[in-house]
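Overview (structure and organization)
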Amino acid sequence: MNVSLFSNQYLVRKMRADDVAEVYTLCCKNSLYYQYCPPFVSEQSIMNDMNVLPPNKEMCDKYYLGFYDGEKLIAVMDFIMAYPDELTAFIGFL
């Protein structure tokens, strides 16, 4: 899948293990979110989120994406194709 199709305004790319610190820096600023959806984010929880899959899905179905405004990471999305059925896409985090 061409992940650039997710936005015509922002640069979108798949996040990797070496992006965890950058994702953490963004996410830890959103303390209100974690107040209602604990536990508070950690680098380990981000690594877990990057790799966790629902039953019967493979890593080729998962897109952990970063949205950039220029060089600045402004959003992260956990997206799973064809889940829970073939006609649905699951957004686990945005």
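Here the structure is shown first, and the text comes after it.
All of the points below concern the structure found in this document. What you are looking at is a predicted structure, and each value in this text was computed from that prediction instead of being measured.

1. Considering helix α1 (residues 20-27)
For α1, every residue scored as buried is listed here: Val20, Val23 and Cys27. Angularly, the buried residues of α1 cover 65° about the axis, an arc narrow enough to put them on a single face. Contact partners of the buried residues in α1: α2 (31-36), α3 (43-51), β2 (62-69), β3 (72-80) and β4 (90-93).

2. Here's the deal with the nonpolar core
Counting 13 residues, the largest nonpolar core has Met15, Val23, Ile46 and Tyr64 as the members making the most contacts within it. When residues in this core are grouped by element, the largest group, 3 residues, is from α1. Not counting residues within four places of it along the chain, the set of residues in contact with Met15 comprises Glu22, Val23, Met50, Tyr64, Leu65, Gly66, Tyr68 and Leu73. Among the nonpolar cores identified, the runner-up in size contains 8 residues, and Tyr63, Phe67, Ala75 and Met77 belong to it.

3. A few points about the sheet that holds β3
What the 4 strands build is an open sheet, ordered β1-β2-β3-β4; its pairing is antiparallel. Bordering the open sheet on either side are β1 (11-14) and β4, each of which pairs with just one other strand. Between one strand axis and the next, the sheet turns by 35° as a mean value, whatever way the strands run. With respect to the sheet, α1 is in contact with β1, β2, β3 and β4, its orientation differing from that of β3 by roughly 100°.

4. Description of the pattern of salt bridges
Under the defined criterion, the tally for this structure stands at 4 salt bridges. Here Asp61 and Lys57 are joined by a salt bridge, their closest N and O atoms 3.4 Å apart. Taking relative accessible area as the criterion, Asp61 reaches 18% and is therefore assigned buried.

5. Topic: the packing of aromatic side chains
By the definition in use, this model includes 6 aromatic pairs. Taken together, a centroid distance of 5.7 Å and an interplanar angle of 85° make the contact between Tyr83 and Phe90 edge-to-face. On the basis of relative accessibility, which here comes to 23%, the residue Tyr83 falls in the partly exposed class. Among the residues examined, Phe90 registers a relative accessible area of 36% and is labelled partly exposed.

6. Considering the side chain of Lys57
Relative to the helices and strands, Lys57 resides in the loop between α3 and β2. Relative accessible area serves as the criterion here: at 15%, Lys57 is assigned to the buried category. Excluding residues that lie within four positions of it along the chain, Lys57 makes contacts with Ile80, Met81, Ala82 and Tyr83.

7. Digging into the pairing of β3
Here β3 lies mainly inside the structure; 7 of its 9 residues are buried. Note: β2 against β3, 8 bridges, orientation antiparallel. Within β3, the position partnered with Tyr64 by the bridge is Asp78. Bridge analysis of β3 against β4 gives 3 bridges, and the strand direction is antiparallel. Bridge pairing in β4 places Phe79 opposite Ile91.

Conventions we followed
- Each chain has its residues counted from 1, following the order in which its sequence is written.
- In keeping with the model being predicted, local features are shown solely for residues with a pLDDT of at least 70 and side-chain atom pairs are shown and tallied solely at 80 or more, while totals for entire chains, interfaces and linings include all residues.
- To obtain the side-chain values, all non-hydrogen atoms of the structure were included, while hydrogens and water were left out.
- Buried means the residue's accessible area, taken with a 1.4 Å probe over protein chains only, is under 20% of the maximum for its type, while exposed means over 50%, and partly exposed covers the values in between.
- The numbering of helices and of strands both runs from the N terminus, where a helix is a DSSP run of H or I of at least 4 residues and a strand a run of E of at least 2.
- Note that the arc is computed from the directions linking the helix axis to the C-beta atoms.
- In this description, contact between two residues means that some pair of their heavy atoms is separated by no more than 4.5 Å.
- Residues enter a nonpolar core if they are buried and are Ala, Val, Leu, Ile, Met, Phe, Trp, Tyr or Cys, with the set joined through side-chain atoms within 4.5 Å.
- Only when DSSP finds a minimum of two bridges between them are two strands counted as paired.
- Only C-alpha atoms enter the line fits that serve as axes; for helices the fit covers just the stretch in contact. Angles between N-to-C directions range over 0 to 180 degrees.
- What counts as a salt bridge is simple: a side-chain nitrogen of Lys or Arg found within 4 Å of a carboxyl oxygen of Asp or Glu.
- Pairs were defined over the aromatic rings of Phe, Tyr and Trp, the Trp ring being its six-membered one, requiring ring centres within 6.5 Å. Orientation was assigned from the angle between planes: stacked under 30 degrees, edge-to-face over 60, tilted for the rest.

Function cannot be inferred from these measures alone, as they are strictly geometric.
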